[in-house]
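These are the residues of each chain, in order.
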Amino acid sequence: MKNSSQKIVAVCISKEKGERKTDVGQAELKEGFGLVGDAHGGDWHRQVSLLAIESIDKMRAAGLDVGPGDFAENLTTQGVNLYSLPVGTRLRVGGSVLLEMTQIGKECHDRCAIYHQAGDCVMPREGVFATVLHGGPVKTGDSLEVLDSQSRQDKP
């Protein structure tokens, strides 16, 4: 079911792991890899990271000056409670991209700068990870659709 308030609000990449990502506005998602040009791309279960702007807003409410990419997420979303979705959920981005959620949250081995500033960080609890089942372009403003279990056989 499409909902116009469910969308991509930032597309972020970084050249190195362990650093904040930069909003580049648009990029290419490659099947079996992730975002072209991003350090986290590769043949593994965390090809793409997603975090909702609503989660970032929680950190802003705690007094931090943060925005998209500051939590090292690739896609900043709006209108979907990502971390409440089960692993295996498929997400359609724009017209052709198909992602499958593989992990919810992650263990934070080294406390990041955001944790040290605020005493908390939302990414380990509310960030999600996905693999790219069908690639294509992704850009700010693209629709984000949660596919239900009956839509799982759909192809973009």
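What you see is a predicted model; the values in this text were computed from it and never measured. (Residues numbered from 1 in each chain as written. Predicted model: local features only at pLDDT ≥ 70, side-chain atom pairs only at ≥ 80, totals over all residues. Heavy atoms only, no water.)

**Digging into unusual backbone geometry**
At A72, a position not held by glycine, the phi torsion is positive, near 65°. Within the secondary structure, A72 is located in the loop between α1 (53-61) and β6 (75-78). (Helix = DSSP H or I, 4+ residues; strand = E, 2+ residues; numbered from the N terminus.)

**So, the confidence of the model for the protein**
Summing up the model confidence of the protein, the mean pLDDT is 85 and the portion of residues at 70 or higher is 81%. Confidence drops under a pLDDT of 50 for residues 149-156, and excluding neighbours within four residues, the segment shows 12 contacts in the predicted structure. (pLDDT = per-residue confidence, 0-100. Contact = heavy atoms within 4.5 Å.)

**A word on the side chain of R90**
Looking at the element boundaries, R90 is found in strand β7 (residues 90-93). With a relative accessible area of 17%, R90 lands in the buried category. Of note is the side chain of R90, whose polar atom sits 2.9 Å from the side chain of E100. (Buried < 20%, exposed > 50% of the residue type's maximum accessible area, 1.4 Å probe, protein only. Polar contact = N/O pair within 3.5 Å; in protein donor to acceptor, adjacent residues only side chain to side chain.)

**A few points about the sheet that holds strand β9 (residues 128-134)**
Strand order in this open sheet of eight strands is β2-β1-β6-β5-β9-β8-β7-β11, and the pairing throughout is mixed. Each of the sheet's edge strands pairs with one partner strand only, and the pair in question is β2 (22-23) and β11 (144-147). Pairing of strand β1 (residues 7-13) with β2, which is carried by two bridges, proceeds in the antiparallel orientation. The residue of β2 that forms the bridge with I13 is T22. Running at roughly 60° to strand β5 (residues 48-52), α1 makes contact with β1, β5 and β6 of the sheet. (Pairing = 2+ DSSP bridges. Axes fitted to C-alpha atoms, helices over the stretch in contact; angles between N-to-C directions.)

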